[in-house]
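Residue strings, one per chain:
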Number of protein chains: 2
Amino acid sequence: MPQRTVFFVSDQTGVTAETLGHSLLTQFDGFEFRPVTVPFVDSIDKIEQLAERIDAAVEESGLRPLVFTSLVDEKLRARLLACNALILDFFEAFLSPLEQELATKSSHALGSPHRMADVASYNLRIDSINYAMAADDGHSPQHYSQADVILTGVSRSGKTPTCLYLALQYGIFAANYPLAEEDLESGHLPDGLMGFKEKLYGLTISPERLRQIRLERRSLGRYASAQQVSFELRSAERLFKRYNIPYIDATHCSVEEIASTILNVTGIERRVRP
Amino acid sequence: MPQRTVFFVSDQTGVTAETLGHSLLTQFDGFEFRPVTVPFVDSIDKIEQLAERIDAAVEESGLRPLVFTSLVDEKLRARLLACNALILDFFEAFLSPLEQELATKSSHALGSPHRMADVASYNLRIDSINYAMAADDGHSPQHYSQADVILTGVSRSGKTPTCLYLALQYGIFAANYPLAEEDLESGHLPDGLMGFKEKLYGLTISPERLRQIRLERRSLGRYASAQQVSFELRSAERLFKRYNIPYIDATHCSVEEIASTILNVTGIERRVRP
């Protein structure tokens, strides 16, 4: 089956068009798409180059491409519409109902969906990133009083990426503490966490998935053995239950979903909006 | 002027609806919106709770809310449409043209825009995150051969968040090296970077913005002085030019834009898609 090319076109980074397109395409199983992001399309020259790439894609595969576009400029959009492709135009679909509702014309300026934030928000985001880096993997327990949340779980359960995502996306101060063998064997929370029980959030994962992740690292020996993985996960979940620590099974979750679930369950307020 | 409430509604994390809505709303200057994200709306109970919140918002402000929704389930969408709000329904707008083009019915399953990636991609993303953390702030120069890109610039020019974003979003291995006073004074690239010139990418920023960022940290003394900031930035830009290092002025750019520009200019291929 020939692959159909999907263009994500934007006068900015293309992240919006990608997000939009990606979540629609997941509704179509069994198709193979060839994704191409074309950011910063802000001149006639660039739209002409894109038009050539669209023509080339049609010629190559015999299928007309799908184009998700968040272009704002009317001339550029008009040129795109003349291409042999299915144009899914994000502004066309939503801008005019919004204009009507707000009884105003949109600025039709080049959008700045990721507009530079004010200095205070910018610094907050940086501070939360630095915090997540400093308090990764059980480091900096002396700064747990600053944490909004402290993730805990066994090695490779997804703590680090979740903490960084919480910082980058939401400005949340997230630390993480890996449960060590001695914690798991004793069945007790380590002393350093006892004073912060209400900030703890657990991550768990299925033994099969954890084993896969650890094996993929070519980890030999006990670390990725079925027995060790099961022991760690069973002990960790017992610990979460014993101390009433809310936890999430991350087996089928992306980092984005884990982060979003934590905010939703704990009620922690985001400090910045992306 | 009363604030209009904007709901971002999703059966998943809400990130898609937020991204979509946010970039449309930046087209309307002078309005104040009160953003509310409502993720994981996946039952009649939850949609009824949301309907109550919508009614409450109308009552409070006298304005009907804007609702950006990426709900997939038809029953839930129908209930939402009955609310007193402007419903901007992402699936309604684009799903049927896509179905027609692909000559197939969409699965209309709960979407998984952030579907858990395969184990190899997951590990790659984790590896690039670990790399960015280990090679932050001039650390681990012995691993520069692994880097896809090495960002450089003065302190607080945006290197760390950009590296982490490149890792989380694209699986790129990004190191960063802060230009120290001795590098700036000598006018020479430090020895450790000379072998990796083709991987370097510079960040610069306006003196005013950098000063603001540094001052906001309550940095006293020379670090945030106008003279120091200008000296550092002038010297850094001279260095970039002298060694033909491509660079970007990050003054008006978000982290997302810087990252996207770097990929676009260097042609570095993303290793994972979010």
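Just so you know, these numbers come straight off a predicted model, no measurement behind them.

Would you explain the overall build of chain A in this entry?
Scanning chain A from terminus to terminus reveals 11 helices and 8 strands. Over its C-alpha atoms chain A spans a radius of gyration of 24 Å, topping by over 25% the 19 Å that the globule rule assigns to 274 residues. Principal axes of the C-alpha set define a box for chain A whose edges measure 70 × 45 × 30 Å. A burial count over chain A gives 46% of its 274 residues as buried. A separation threshold of at least 6 residues defines the contact pool for chain A, and within that pool the share at least 24 residues apart is 71%.

Looking at this model, I keep getting lost on helix α11 (residues 255–266) of chain B. Mind explaining?
Think of an α-helix as 3.6 residues a turn; residues three or four steps apart then line up on the same face. In a regular helix each residue adds 1.5 Å, so 12 residues correspond to 16 Å; α11 of chain B covers 17 Å between its end C-alpha atoms and thus fits that length. Of all the residues in α11 of chain B, the buried ones are V255, E256, E257, I258, A259, S260, I262 and L263 of chain B. In the core, the buried residues of α11 of chain B are packed alongside α1 (15–25) of chain A together with β5 (149–153), α6 (159–170), β7 (200–204) and β8 (247–249) of chain B. One or two steps after α11 of chain B, the chain reaches G267 of chain B, where phi turns positive at roughly 75°.

Explain the interface of chain B and chain A here, please?
How big an interface is tends to be reported as the loss of accessible area on association of its parts. Between chain B and chain A, the contact holds 65 residues from the first and 65 residues from the second. Elements represented by at least two residues in the side of chain B that touches chain A include exactly α1 (15–25), β4 (86–89), α4 (90–102), α5 (119–134), α6, α9 (207–216) and α11 of chain B. When residues in the side of chain B that touches chain A are grouped by element, the largest group, 8 residues, is from α5 of chain B.

What is the right way to look at the packing of helix α6 (residues 159–170) of chain A against α6 of chain B in this model?
Between two packed helices, the angle of one axis relative to the other and the distance separating the axes together describe the packing. Where α6 of chain A meets α6 of chain B, the axes come as close as 11 Å, and the angle between the chain directions of the two elements is 125°. In terms of their interaxial angle, α6 of chain A and α6 of chain B are classed as oblique. Once α6 of chain A is placed against α6 of chain B, the crossing between them reads as left-handed. On the side of α6 of chain A, the interface is formed by P161, L164, Y165 and L168 of chain A, while α6 of chain B contributes P161, L164, Y165 and L168 of chain B. Grouping the amino acids of the contact of α6 of chain A with α6 of chain B by side-chain chemistry returns 8 nonpolar, no polar and no charged.

Honestly, the relation of the copies chain B and chain A in this entry has me stumped. Any pointers?
Note: a rotation about an axis with an accompanying shift along it relates these two copies of the chain. Note on the identical chains: chain B maps onto chain A by a rotation of 180° and an axial translation of 0.0 Å, with an RMSD of 0.0 Å. Expressed as an axis order, the relation between the two copies is that of a two-fold axis. With an isologous cut-off of 70% or more, the 100% of interface residues of chain B that recur at the interface of chain A puts this contact in the isologous class.

Please clarify how the pairing of strand β3 (residues 66–69) of chain A should be interpreted in this entry.
The side chains of a regular strand alternate, residue by residue, between the two faces of the sheet. Residue and element names in this part refer to chain A. Taking every second residue as pointing to the same face, both faces of β3 are buried, with L66 and F68 on one and V67 and T69 on the other. As paired elements, strand β1 (residues 4–9) and β3 share 4 bridges and run parallel to each other. Note on β3: the bridge partner recorded for V6 is L66. Sheet topology places β3 next to strand β4 (residues 86–89); 4 bridges connect them, and they run parallel. Its bridge partner lying in β4, T69 is registered against D89.

Just to check I follow, could you spell out the pairing of strand β2 (residues 33–38) of chain A for this structure?
All names here are of chain A. Looking at chain direction, β1 and β2 are connected through 6 bridges and run parallel. Paired with F7 across the two strands is V36, which belongs to β2. The parallel pair β1 and β2, bridged by α1, forms a crossover whose chirality is right-handed.

What is the right way to look at the sheet that holds β4 of chain A in this model?
Strand pairs in the sheet, formed through backbone hydrogen bonds, run parallel or antiparallel to each other. All names here are of chain A. Reading across the sheet, the 4 strands line up as β2-β1-β3-β4 and stay open at both edges, with parallel pairing between neighbours. Edge positions in the sheet fall to β2 and β4, since each of these pairs with one other strand and no more. Neighbour-to-neighbour, the strand axes of the sheet open up by a mean angle of 20°, direction not taken into account. Lying on the sheet, helix α2 (residues 44–61) is in contact with β1 and β2; it crosses β1 at an angle near 165°.

Teacher, can you tell me more about α1 of chain B here?
Taken across its 11 residues, α1 of chain B has 11 buried, putting it largely inside the fold. The set of residues buried in α1 of chain B consists of V15, T16, A17, E18, T19, L20, G21, H22, S23, L24 and L25 of chain B.

Honestly, unusual backbone geometry in this entry has me stumped. Any pointers?
Excluding glycine, residues mostly carry a negative phi; peptide bonds, for their part, are mostly trans. If you check the backbone angles, A103 of chain A has positive phi at about 50° while not being a glycine. The exposure class of A103 of chain A is exposed, given the 6 C-beta atoms found within 10 Å. For F40 of chain B, which is not glycine, the phi dihedral falls at a positive 55°. Relative to the helices and strands, F40 of chain B resides in the loop between β2 (33–38) and α2 (44–61). Given 16 C-beta atoms within a 10 Å radius, F40 of chain B is considered partly exposed.

Here is what the cut-offs are and how they apply
- Residues numbered from 1 in each chain as written.
- Chains lettered and ligands numbered in written order.
- Predicted model: local features only at pLDDT ≥ 70, side-chain atom pairs only at ≥ 80, totals over all residues.
- Helix = DSSP H or I, 4+ residues; strand = E, 2+ residues; numbered from the N terminus.
- Rg over C-alpha atoms; globule rule 2.2 N^0.38 Å.
- Buried ≥ 20, exposed ≤ 12 C-beta atoms within 10 Å, placed from the backbone.
- Contact = placed C-beta atoms within 7 Å.
- Expected span 1.5 Å × (residues − 1).
- Axes fitted to C-alpha atoms, helices over the stretch in contact; angles between N-to-C directions.
- Parallel < 35°, antiparallel > 145°, perpendicular 65-115°, else oblique.
- Left-handed = near helix turned anticlockwise from the far one by under 90°.
- Nonpolar A, V, L, I, M, F, W, Y, C, P; charged D, E, K, R; others polar.
- Least-squares fit on C-alpha atoms with pLDDT ≥ 70 in both.
- Pairing = 2+ DSSP bridges.
- Right-handed = clockwise from strand over helix to strand, strands pointing away.

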